[in-house]
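This is what each chain is made of:
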Amino acid sequence: MYNAAQNIQEEDFMDPLPYRLRAGNVLWQKVIQPYLFKKDPENAHLFTIRTLQEIQRSGLTPLIRFLFQSNHAQSLRNITLVGGVAWKNRVGLAAGFDKNGEIIDACDAFGFGAVEVGTVTPRPQAGNPRPRVFRYPNAGAVVNRYGFNSKGAHEVASNITKTHRNHKITCPIGVSIGKNKDTPDDRAVDDYISAFRILAPVLRQNIDYMQINISSPNTPGLRSLFDRLDEFLSEFRERIGRTAKWDVPLYLKVPPDNLTEKQYIHIVELAARYGISALEATNTTTNPNYKEAYGISGAQEGGLSGEPLREISNAVLAFLYPAAKQHHIDLIGVGGISRTEHAVEKLARAKAVQVYTGLVFRGPILSHEILESLQTPKARRIEKDGLTIRV
């Protein structure tokens, strides 16, 4: 199992918090989070989406930018190429928060390096029955079994089009695509191609990207696509090649469970063969041992994210890293990032990180803390486990 360096401490990186961000953090910690945590987790999520939509409609996104955006978010020196995509900085928002592309402007205002929308299915679907999201504050964890609840690719494409018409988005937009639950597994590639064809035309050339999500544990049979990944990617690449007007950068999200080191290496080789430019490691885990280790029932169905996912996602990064470096595939670290040092340990192997569950418990200040840490002399050269992180 991959272990972080013992001498990395968050206080080694942090300068005093700017007043405006301190005010935003107090607002989050004392008002916003306590209010949201009184609600059922899914209702809290829906309330957040509706509130941010209203902020967008009212033209108040500059207030988000003032209270919550890191002063490092827009620095030209922080622009990083990730799978051929110019991220504004190295901290992206993972898929799952803005499932339908409804609050891209607000997410951009928070200062993320890239905003990933979805996961989006070709046709609208409700997802799994409620309740389907469970919050565990003591473990810094969430279990979800949403099952790709999506308003469908056509509506998401319309939302992205409206966003570009009404707002100036400064960061890349990634769109995570998946399959509908009622699509047979042997026809899964049809759904991914359908979603791609609907969504690719609304992406900005040489700015945005598409992410292929075949690693969610909440759609039955989805992860089995990794057993025939060669066939899947071959057909996907061939068929989109006949329709795409430009070469949309493709990312692939990988699971943390039930694959060997050899299989992860094979995923990298296939990614290189079929033009996948970046791998996101990892999706959520269904391993009951990790749930139980943090006081969560192993029988609780759904994917586990947050602090308990940290070590296993780091282990997958370690498996992927040598082959990814050899084949020039960029890695994105996802899973268990709730403190600065969690991001730093992933950046020893990953080109960038994505956050989501950590934001639920820490709030938007988490992004600033990570970006702040990467400005310090100590972060410019950190030796650990025989690797060097350079920022």
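Just above sits the structure.
Residues numbered from 1 in each chain as written. Predicted model: local features only at pLDDT ≥ 70, side-chain atom pairs only at ≥ 80, totals over all residues. Heavy atoms only, no water.

S.K.: How would you summarise the overall build of the chain if you had to cite specific residues and measurements?
M.R.: A count of helical and extended segments in the chain gives 14 helices and 15 strands. A globule of 391 residues ought to have a C-alpha radius of gyration of about 21 Å, and the chain, at 19 Å, matches this closely. Considering only C-alpha atoms, the chain reaches an extent of 55 × 50 × 45 Å along its principal axes. Pairs at least 24 residues apart make up 73% of the contacts formed inside the chain by residues separated by at least 6 positions. Of the accessible surface of the chain, which amounts to about 16,100 Å², a share of 52% is contributed by carbon and sulfur atoms. For the chain, the centre of its 48 positive side-chain charges and the centre of its 40 negative side-chain charges are spaced 5 Å apart. (Helix = DSSP H or I, 4+ residues; strand = E, 2+ residues; numbered from the N terminus. Rg over C-alpha atoms; globule rule 2.2 N^0.38 Å. Contact = heavy atoms within 4.5 Å. Areas by Shrake-Rupley, 256 points an atom, 1.4 Å probe, with all protein chains shown as cover. Lys, Arg positive; Asp, Glu negative; His and termini not counted. Charge placed at Lys NZ, Arg CZ, Asp CG, Glu CD.)

S.K.: Tell me what's going on with the pairing of strand β5 (residues 133-136), and back it up with residues and numbers.
M.R.: Alignment of β5 against strand β6 (residues 141-144), held across 4 bridges, turns out to be antiparallel. Opposite Phe 134, over in β6, you have Val 143 as the bridge partner. With antiparallel pairing between neighbouring strands as the criterion, β5 and β6 make up a hairpin whose turn holds 4 residues, including Gly 140 at a positive phi of roughly 60°. (Pairing = 2+ DSSP bridges.)

S.K.: Help me get a handle on the side chain of His 342, residues and values and all.
M.R.: Note on placement: His 342 falls in helix α11 (residues 340-346). Note on His 342: relative accessible area 5%, which makes it buried. Separated by 3.4 Å, the side chains of His 342 and Arg 310 make a polar contact. Within the structure, His 342 has its side chain in polar contact with the backbone nitrogen of Ser 338 (distance 3.1 Å). (Buried < 20%, exposed > 50% of the residue type's maximum accessible area, 1.4 Å probe, protein only. Polar contact = N/O pair within 3.5 Å; in protein donor to acceptor, adjacent residues only side chain to side chain.)

S.K.: Give me the environment of Leu 270: which residues, what numbers.
M.R.: Within the secondary structure, Leu 270 sits in helix α8 (residues 261-273). Residue Leu 270 is classed as buried on the basis of its relative accessible area of 2%. Taking the C-alpha atoms as reference points, Leu 270 and Leu 371, 101 residues apart in sequence, are found 32 Å from one another. Setting aside its immediate chain neighbours within four residues, Leu 270 contacts Leu 229, Asp 230 and Leu 233.

S.K.: Just give me the short version of the state of the cysteines, but keep the residues and values in it.
M.R.: By definition, a disulfide links the sulfur atoms of two cysteine residues through a covalent bond. Inspection of every chain in the model, using the stated rule, returns 0 disulfides. With no disulfide partner, Cys 107 has as its closest neighbouring cysteine sulfur the one in Cys 171, 8.2 Å distant. Taking the relative accessible area as the measure of exposure, Cys 171 reaches 1% and is therefore buried. (Disulfide = S-S within 2.5 Å.)

S.K.: Tell me about helix α2 (residues 41-57), residues and numbers included.
M.R.: In a regular helix each residue adds 1.5 Å, so 17 residues correspond to 24 Å; α2 covers 25 Å between its end C-alpha atoms and thus fits that length. For α2, the complete set of buried residues consists of Pro 41, Glu 42, Ala 44, His 45, Thr 48, Ile 49, Leu 52, Gln 53 and Gln 56. Looking at the buried positions of α2, the neighbouring elements they touch are α1 (19-37), α3 (61-68), α4 (104-109) and β5. The N-cap residue of α2 is Asp 40: its side-chain oxygen and the backbone nitrogen of Glu 42 are 3.0 Å apart. (Expected span 1.5 Å × (residues − 1).)

S.K.: Describe the packing of α1 against α3, naming the residues involved and giving the relevant values.
M.R.: Their axes nearest at 6 Å, the elements α1 and α3 cross at an angle of 100°. Taken together, the axes of α1 and α3 are roughly perpendicular relative to one another. In this structure, α1 contributes Arg 20, Leu 21, Ala 23, Gly 24, Leu 27, Trp 28 and Ile 32 to the contact, and α3 contributes Arg 65, Phe 66, Leu 67 and Phe 68. When its residues are assigned to classes, the contact of α1 with α3 shows 8 nonpolar, 1 polar and 2 charged. (Axes fitted to C-alpha atoms, helices over the stretch in contact; angles between N-to-C directions. Parallel < 35°, antiparallel > 145°, perpendicular 65-115°, else oblique. Nonpolar A, V, L, I, M, F, W, Y, C, P; charged D, E, K, R; others polar.)

S.K.: Please give an account of the sheet that holds β6 that cites residues and values.
M.R.: The sheet built from 3 strands is open, its strands ordered β5-β6-β11 with antiparallel pairing. Two strands close off the open sheet at either side, each with one partner strand: β5 and β11 (303-306). With direction set aside, neighbouring strand axes in the sheet form an average angle of 20°.

S.K.: Outline the pattern of salt bridges, supporting the account with residue identities and numerical values.
M.R.: Applying the stated rule across the entire model yields 20 salt bridges. A salt bridge links Glu 42 to Arg 130; the shortest N-O distance between them is 3.3 Å. Taken together, the residues Glu 42 in helix α2 and Arg 130 in the loop between β4 (115-120) and β5 connect sequence positions 88 residues apart. According to the relative accessible area criterion, Glu 42 is buried, its value standing at 5%. You can call Arg 130 partly exposed: its relative accessible area is 44%. Where Arg 237 meets Asp 247, a salt bridge forms, and the shortest distance between an N and an O atom there is 3.6 Å. Placement of Arg 237 in helix α7 (residues 229-241) and of Asp 247 in the loop between α7 and β9 (250-254) is noted, with a sequence separation of 10 residues between them. On the basis of relative accessibility, which here comes to 23%, the residue Arg 237 falls in the partly exposed class. Each of Asp 40, Glu 42, Arg 130 and Arg 132 takes part in salt bridges that share partners, so that together they form one network. (Salt bridge = Lys/Arg side-chain N within 4 Å of Asp/Glu carboxyl O.)

S.K.: Please set out unusual backbone geometry residue by residue, giving values where relevant.
M.R.: Along the chain, Gly 118 connects to Thr 119 via a cis peptide bond; the corresponding omega equals 15°. Here Thr 119 is to be found in strand β4. Residues other than glycine seldom take positive phi values, yet Phe 148 does so here, at roughly 55°. In this fold, Phe 148 is placed in the loop between β6 and α5 (153-166). With relative accessibility at 7%, the residue Phe 148 sits in the buried group. Positive phi, normally seen in glycine, also occurs at Asn 206, with a value near 65°. Following the sequence through the fold, Asn 206 ends up in the loop between α6 (188-199) and β8 (209-213). Assessed through its relative accessible area of 66%, Asn 206 is described here as exposed.

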